[in-house]
Amino acid sequence: MKPVAPPTPDTQEWFDLIDQQRLTVPRCRSCASFFLYPRSSCPRCGAREIELVPAAGTGTLLSFVINHRGPAGFDAPYALGMIELAEGPRVLTGIVTDDIDALAVGDSVRAVFEERGERRVLNFAPDEEGTR
Ligand SMILES: [Zn+2]
């Protein structure tokens, strides 16, 4: 089976919500900055009052790579991409598509959740309604 990232104390709540297929983005209650990855203090102002805000689940494909060989459990070819979420933060994630050759920088994408054992993993897929 593909690996699953082990949560840390700072990321446990965020990963628990991913397991429920709910994407959230941490936001600082002091300066209102959004950020990812989840952490216990704001990377902009240092405040420790952080809330997890429901995300739109949409974003833009900023860059990607197609891997033609992968570690055990990964079916090549598969794509990894840098997504800029609608809320602003960027996330490196798997890109799920049946037409890997059609991926293009600037594509609109939406969050999808891959089942891995007891857990879910955040991926993104092309958003057919929002692309071009
Ligand atoms: Zn802040």
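Residues numbered from 1 in each chain as written. Predicted model: local features only at pLDDT ≥ 70, side-chain atom pairs only at ≥ 80, totals over all residues. Heavy atoms only, no water.

Looking at the nonpolar core
So, step 1. Core analysis: the biggest nonpolar cluster contains 19 residues, and W14, L23, I83, L85, I95, L122 and F124 have the highest contact counts within it.
So, step 2. At the level of secondary structure, the elements contributing two or more residues to this core comprise α1 (12–19), β4 (78–85), β5 (90–95), β6 (108–116) and β7 (119–126).
So, step 3. Each of two domains, domain 1 (7–54) and domain 2 (56–132), supplies a minimum of three residues to this core.
So, step 4. Setting aside anything within four residues of it in sequence, one finds I83 in contact with G59, T60, L61, P89, R90, V91, T93, I95, V109 and F124. (Core = buried A, V, L, I, M, F, W, Y, C linked by side-chain atoms within 4.5 Å. Buried < 20%, exposed > 50% of the residue type's maximum accessible area, 1.4 Å probe, protein only. Helix = DSSP H or I, 4+ residues; strand = E, 2+ residues; numbered from the N terminus. Domains from an automatic or database assignment. Contact = heavy atoms within 4.5 Å.)

Some words on the pairing of β6
So, step 1. Alignment of strand β3 (residues 58–67) against β6, held across three bridges, turns out to be antiparallel. Bridge pairing links T60 to S108 in β6.
So, step 2. Bridging between β6 and β7 involves eight bridges; their strand directions are antiparallel. Considered in β7, the bridge of R116 is made with R119.
So, step 3. Joining the antiparallel neighbours β6 and β7 is a turn of two residues, in which G117 adopts a positive phi near 65°. (Pairing = 2+ DSSP bridges.)

Some remarks on a nonpolar patch on the surface
So, step 1. A cluster of nonpolar side chains, namely V65, L80, M82 and L92, defines an oily patch on the protein surface of about 330 Å² accessible area.
So, step 2. Within the fold, L80 resides in strand β4. (Patch = residues over 30% accessible without salt bridge, like charges linked within 9 Å, V, L, I, M, F, W, Y side chains within 5 Å. Areas by Shrake-Rupley, 256 points an atom, 1.4 Å probe, with all protein chains shown as cover. Salt bridge = Lys/Arg side-chain N within 4 Å of Asp/Glu carboxyl O.)

Points about the domain arrangement of the protein
Note on interface size: it is often stated as the accessible area lost on association of the parts.
So, step 1. On domain assignment, one finds that the protein holds domain 1 (7–54) and domain 2 (56–132).
So, step 2. Inter-centroid distance (C-alpha atoms) of domain 1 to domain 2 is 21 Å.
So, step 3. If you look at the interface, domain 1 gives 13 residues, while domain 2 gives 14 residues.
So, step 4. Counting each side, the surface lost to burial between domain 1 and domain 2 is near 1,100 Å², with a carbon and sulfur contribution of 69%.
So, step 5. Contact with domain 2 buries area across many residues of domain 1, yet D19, Q21 and L23 alone supply 44% of it, more than any other trio.
So, step 6. Taken together, the links from domain 1 to domain 2 amount to one salt bridge. (Buried area = accessible area lost by both parts, 1.4 Å probe.)

Section: the sheet that holds β3
So, step 1. Taken together, five strands build a closed barrel; the order of strands is β3-β4-β5-β7-β6 and the barrel is mixed. Ignoring which end each strand starts from, the neighbouring axes of this sheet average 45° apart.
So, step 2. Here β3 runs beside β4; their pairing, made up of eight bridges, is antiparallel. Bridge pairing links N67 to Y78 in β4.
So, step 3. Running over the sheet, α1 touches β6 and β7 and is turned about 70° from β7. (Axes fitted to C-alpha atoms, helices over the stretch in contact; angles between N-to-C directions.)

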